[in-house]
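Structural description and commentary
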Amino acid sequence: AIAIDDEKMALNIIINYVEKIPNIELSETFINPFKAIEYLKTYADDIIFLDINMPDLSGLSLAEYINPKTKIIFTTAYAEHAVKSYELDAIDFLVKPFSLPRFMKAINKAEKLIDLSETESSRKFIFIKSGYDQYKINFNEILFIESSGNYMEFVTRERKVLSRLTLKETLDLLPANSFFRVHKSFIVAIEQVESIINHKIIIADYQIPLSQSFKEGFFKHLETKGK
């Protein structure tokens, strides 16, 4: 998980609570919401603890930058934001000061939803619409996916399928553990990566550019996959 709050004391409470719970760890904490946005461009944690009332950028606005697969738990001293937070599909709303038992209840709720998502991600294929036709594509066939204007091109060893999708919509269709965005225009299948040479990812006969902004997250993901 990560935690975003402009008050250091509030972050310390979350850090203290997390240390008491064995099934969760904090990878990062942020006082500056704009630094959090830069982090979120590369990483997609399971849970985000997100303060609402922050200067310059509210948690409600920041939520638009968060991967829809990530579970948001809002933290705030103002209960009147509760309705709006649930409109953003937050899984829980903690009113400060919240107790450890209430914090644990939110974690348990998130854990159940994450387990459900992992079950759903066991699917092996998707159907992609191209023009008036639908094409079944197995995840293990995909080499990479390239953004081209308003379209996404799914590239396999046997064929290419062009579909009118945004990059974000495409990422939402794919199992996050098996695919990774490596460039503003490319998503690669991790299992298909053969080598990385001079900032190029080699897959079959293709060379896919590895952007500097995605490089650190990509190598971290490869390391995690290799364990």
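It should be noted that the structure appears before, not after, this text.
Everything numeric here is computed off the predicted structure, so don't read it as measured data. (Residues numbered from 1 in each chain as written. Predicted model: local features only at pLDDT ≥ 70, side-chain atom pairs only at ≥ 80, totals over all residues. Heavy atoms only, no water.)

Moving on, we come to the pattern of salt bridges. Evaluated as defined, the whole model comprises 5 salt bridges. We note a salt bridge from aspartate 5 to lysine 96, for which the minimum N-O separation is 2.7 Å. Linking aspartate 5 in the loop between β1 (2-4) and α1 (8-19) with lysine 96 in the loop between β5 (92-95) and α5 (100-120), this pair joins segments that are 91 residues apart in sequence. The buried category is assigned to aspartate 5, whose relative accessible area is 1%. Of the charged contacts, one joins aspartate 172 and lysine 168 as a salt bridge, the two residues approaching to 3.5 Å between their closest N and O atoms. Here the residue aspartate 172 and the residue lysine 168 both occupy positions in helix α6 (residues 167-173), the gap between them amounting to 4 residues, near one helical turn. Judged by relative accessible area, lysine 168 falls into the partly exposed class, the value being 48%. A network of salt bridges, in which partner residues are shared, links Asp5, Asp51 and Lys96. (Salt bridge = Lys/Arg side-chain N within 4 Å of Asp/Glu carboxyl O. Helix = DSSP H or I, 4+ residues; strand = E, 2+ residues; numbered from the N terminus. Buried < 20%, exposed > 50% of the residue type's maximum accessible area, 1.4 Å probe, protein only.)

Our focus in this paragraph is the side chain of histidine 221. Residue position: histidine 221 is located in helix α7 (residues 212-226). Exposure remark for histidine 221: the relative accessible area of 14% places this residue in the buried category.

Following the criterion strictly, the structure yields 11 aromatic pairs and no others. On the numbers, 5.8 Å between centres and 45 degrees between planes, the contact of phenylalanine 180 with phenylalanine 218 is tilted. Here the residue phenylalanine 180 occupies a position in strand β11 (residues 179-183), and phenylalanine 218 occupies one in helix α7, the gap between them amounting to 38 residues. In textbook terms, an aromatic cluster arises when at least three aromatic residues are bridged by ring pairs, as seen for Tyr17, Phe49, Phe98 and Phe103. Here the guanidinium or amino end of lysine 136 rests over the ring plane of phenylalanine 125, the centre of that ring lying 4.3 Å away. (Phe/Tyr/Trp six-rings, centres within 6.5 Å; stacked < 30°, edge-to-face > 60°. Lys NZ or Arg CZ within 6 Å of the ring centre and 35° of its normal.)

So, about the nonpolar core. Core analysis: the biggest nonpolar cluster contains 21 residues, and Ile4, Leu50, Leu62 and Phe74 have the highest contact counts within it. At the level of secondary structure, the elements contributing two or more residues to this core comprise β1, α2 (33-40), β3 (47-51), α3 (59-62) and β4 (71-76). Of the residues forming this core, the biggest block, 4 residues, is contributed by α2. Non-local contacts of leucine 62, meaning those with residues more than four positions away in its chain, are made with Ile4, Pro33, Ile37, Leu40, Leu50, Met54 and Leu57. Ala3, Ile24, Ile91 and Ala110 belong to the second-largest nonpolar core, a separate cluster that totals 19 residues. (Core = buried A, V, L, I, M, F, W, Y, C linked by side-chain atoms within 4.5 Å. Contact = heavy atoms within 4.5 Å.)

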